[in-house]
Each structure stands twice: as structure tokens, then as C-alpha cells.
Amino acid sequence: MTHLPEKLLAGYRNFMSGRFQTETTRYRDLARDGQTPETLVIACCDSRSAPEIIFDAGPGELFVLRNVANLVPPYAPDGEYHSTSAALEFAVQALKVKNIVVMGHGRCGGIKAALDSDALPLSPGDFIGRWMSLLAPAAESVSSNTMMTAAERQTSLERISIRYSIANLRTFPCVKILEGKGRLTLHGAWFDISTGELWVMNSETGDFERPEAE
Ligand SMILES: [Zn+2]
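Note on numbering: residues in each chain are counted from 1, in written sequence order. Thresholds applied to this predicted model are a pLDDT of at least 70 for local features of residues and 80 or more for the giving and counting of side-chain atom pairs; totals over whole chains, interfaces and linings are not thresholded and use all residues.

### Overview of the overall build of the chain
Per the convention used, a helix needs a DSSP run of H or I reaching at least four residues, while a strand needs a run of E reaching at least two, with both numbered from the N terminus. Summing up its helical and strand segments, the chain has ten helices and six strands in all. Computation of the radius of gyration draws on C-alpha atoms, with the globule rule given as 2.2 Å multiplied by the number of residues to the power 0.38. Taking 17 Å as the expected radius of gyration for a compact globule of 214 residues, we find that the chain reaches 19 Å, a close match to that expectation. Burial status across the chain gives 27% buried among its 214 residues. Sequence-distant contacts in the chain: of pairs separated by 6 or more residues, those separated by 24 or more amount to 65%. Here a residue counts as buried when 20 or more other C-beta atoms fall within 10 Å of its C-beta, as exposed when 12 or fewer do, and as partly exposed in between; the C-beta atoms come from the backbone. Remark: residues whose backbone-derived C-beta atoms lie within 7 Å of one another are considered to be in contact.

Following this line, the structure appears as C-alpha cells:
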């Protein structure tokens with residue numbers, strides 16, 4: 001018999017006596033009516049870049065898809081197992097989200113691995129290596145730029161990966177069609193873990209800018 005780690009149980013007790021108490025009505029309504037989140041966030045698995053925390057979101061507000069390095073693979077209806085595409089399909093077609101935000105972050109381990117041509121597989125399956133090979137052409141291009149420091153290459157590929165994922169989102173017919181009708185908007189964002197800064201992608205230029213303070 002194993003037990004959940006005590007830290008998790010203590011956190012759950014805090015949740016039940018705190019947030020669940022203050023949001024009881026909201027949880028009850030969500031259970032009765034179902035979820036209607038307006039935004040899909042595609043973020044990295046990294047424990048430091050949780051979208052619900054960064055966007056201060058309550059239950060039912062964000063539909064969150066997390067994978068290594070927040071990558072969206074190209075549309076590939078090939079009968080294989082595509083967890084990212086499945087979650088995307090559900091968010092767009094069933095939940096009819098109005099926004100998709102691809103959010104990358106600083107110090108991303110997946111991006112670091114993509115830039116390290118000497119990185120060895122972590123297991124015989126080399127799932128990370130295979131997954132990050134989606135970015136291989138960009139990673140090779142950035143790696144070969146000796147005018148940039150290692151930190152600059154890292155940040156560059158983190159931001160390129162966001163633009164890459166957004167381009168791949170548009171290879172999904174449902175995304176392309178709904179965006180064309182103005183019913184779906186695609187956004188990019190990059191979170192700096194050390195400072196808490198959020199940089200937002202300019203949809204016209206692809207540059208990342210600090211949003212203007214309210
Ligand atoms: Zn990451």
C-alpha cells in the first residue's frame with residue numbers, strides 16, 4: 001500500500017479548506033453546466049510555468065495542454081497516437097475556444113536539449129529527442145550562429161518554437177477555417193521565470209514585446 005506524498009495531501013487539505021470553500025458555487029455550477037473555457041493555453045510541462053498560476057485563473061477558465069517545450073506538431077491524420085492534436089481538436093471543435101495561447105518560457109530544458117547536439121537519450125526510446133526533432137532545422141540554424149551567446153541562442157529558440165507551434169496550428173483545417181472566420185485568435189507568449197515578466201508576441205511582426213501596463 002502506497003500513500004500520496006504528505007506534501008500533496010497537505011496541499012489538498014489547504015485547497016479544500018481554502019479555495020474550494022470560497023469557490024464552492026463556482027465548482028457546483030461547473031459540475032452542473034460543464035466547462036466553457038474561452039482559452040486554450042499550450043504550455044511546457046515545466047513545473048515553473050503553470051498557466052493557471054501565471055494567469056491567475058480560476059477553475060473552468062483555462063483549457064490547458066502541456067507537453068515538453070510547448071510544441072504543436074504539424075497536422076498528421078495518420079492513425080498514430082497524437083495526444084497534442086487530440087486535446088487541440090477537443091478544445092477547438094467541442095469547447096469552441098476563442099483563443100489559443102502558445103506560451104513558452106525561459107530556461108526551457110526541452111529547448112536546451114534541442115540545442116545540445118551531444119545530448120544523449122535519457123532512455124532507449126529517446127522520446128524527448130524524437131519529440132524535439134520537430135525543431136531540428138531551427139535548432140541547427142540557431143546553434144550554428146556563433147555571434148550569439150549560449151543564453152541568446154536559448155532565448156531565440158524558445159521564441160522560434162512559439163512561432164513554429166503557431167504556424168503548425170494553422171496546418172489543422174479546423175484552426176485555419178475558424179481563424180479565417182474571425183472566431184479563433186492565435187497568440188504567442190513567453191514567460192521569464194526569473195523575473196515573472198510575460199512577453200507577448202506581436203501577431204504582425206512575430207516580435208515579443210512587453211504588454212503595456214494597465
Ligand atoms: Zn520548458
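Continuing now.
### A short note on the sheet that holds strand 3 (residues 99-105)
If you trace the six strands from one edge of the open sheet to the other, you get 2-1-3-4-5-6, paired in mixed fashion. What marks the edges here is a single partner per strand, and that holds for strand 2 (62-67) and strand 6 (208-209). For two strands to pair, DSSP has to find at least two bridges joining them. By the bridge criterion, three bridges tie strand 4 (residues 185-191) to strand 5 (residues 198-201) in an arrangement that is antiparallel. Considered in strand 5, the bridge of Phe 191 is made with Leu 198. Comment: axis = line fitted to C-alpha atoms, over the contacting stretch for helices; angle = value between 0 and 180 degrees taken between N-to-C directions. Sitting on the sheet, helix 5 (residues 83-94) is in contact with strand 1 (39-44) and strand 2, with an inclination near 170° to strand 2.

### Quick look at the UniProt feature "binding site: Zn(2+)" (unreviewed entry) in the chain
UniProt positions are given in the numbering used here, feature names are shortened, and annotations may be inferred rather than shown by experiment. Per the UniProt entry, the sites bearing "binding site: Zn(2+)" (unreviewed entry) are Cys 44, Asp 46, His 105 and Cys 108 in this numbering. Taken together, the annotated residues stretch across 65 residues yet fold into one region, lying no more than 8.7 Å apart by C-alpha. Structurally, His 105 is set in strand 3. When the 22 C-beta atoms within 10 Å are taken as the criterion, His 105 is described as buried.

### A short note on the nonpolar core
Put simply, a nonpolar core is a cluster of buried Ala, Val, Leu, Ile, Met, Phe, Trp, Tyr and Cys residues tied together by C-beta atoms within 7 Å. Counting 41 residues, the largest nonpolar core has Leu 40, Val 41, Ile 42, Ile 100, Val 102 and Met 103 as its most contacted members. Those residues in contact with Val 102, other than ones at most four positions away along the chain, are Ile 42, Asn 70, Val 72, Ile 162, Ser 165, Ile 166 and Gly 188.

### Comments concerning helix 9 (residues 150-169)
To estimate the expected span of a helix, subtract one from its residue number and multiply by 1.5 Å. Between its first and last C-alpha atoms helix 9 spans 29 Å; for 20 residues at 1.5 Å apiece the expected length is 28 Å, and the two agree. Turning to helix 9, its buried residues number three or more, namely Arg 153, Thr 155, Leu 157, Glu 158, Ser 161, Ile 162, Tyr 164, Ser 165, Ile 166, Asn 168 and Leu 169.

### Comments concerning the domain arrangement of the chain
Domain start and stop points were drawn from an automatic or database domain assignment. Partitioning the chain into domains gives domain 1 (1-34) and domain 2 (35-209). Spacing between the C-alpha centres of domain 1 and domain 2 amounts to 29 Å. If you look at the interface, domain 1 gives five residues, while domain 2 gives five residues. Partitioned by chemical class, the residues of the side of domain 1 that touches domain 2 number two nonpolar, one polar and two charged. Each residue gets one of three labels, nonpolar for Ala, Val, Leu, Ile, Met, Phe, Trp, Tyr, Cys and Pro, charged for Asp, Glu, Lys and Arg, and polar for the others, Gly among them.

### Topic: the environment of Ala 94
Tracing the backbone shows Ala 94 in helix 5. Assessed through the 9 C-beta atoms surrounding it within 10 Å, Ala 94 is described here as exposed. Between the C-alpha atom of Ala 94 and that of Thr 36, which follows or precedes it by 58 residues, the distance is 9.7 Å.

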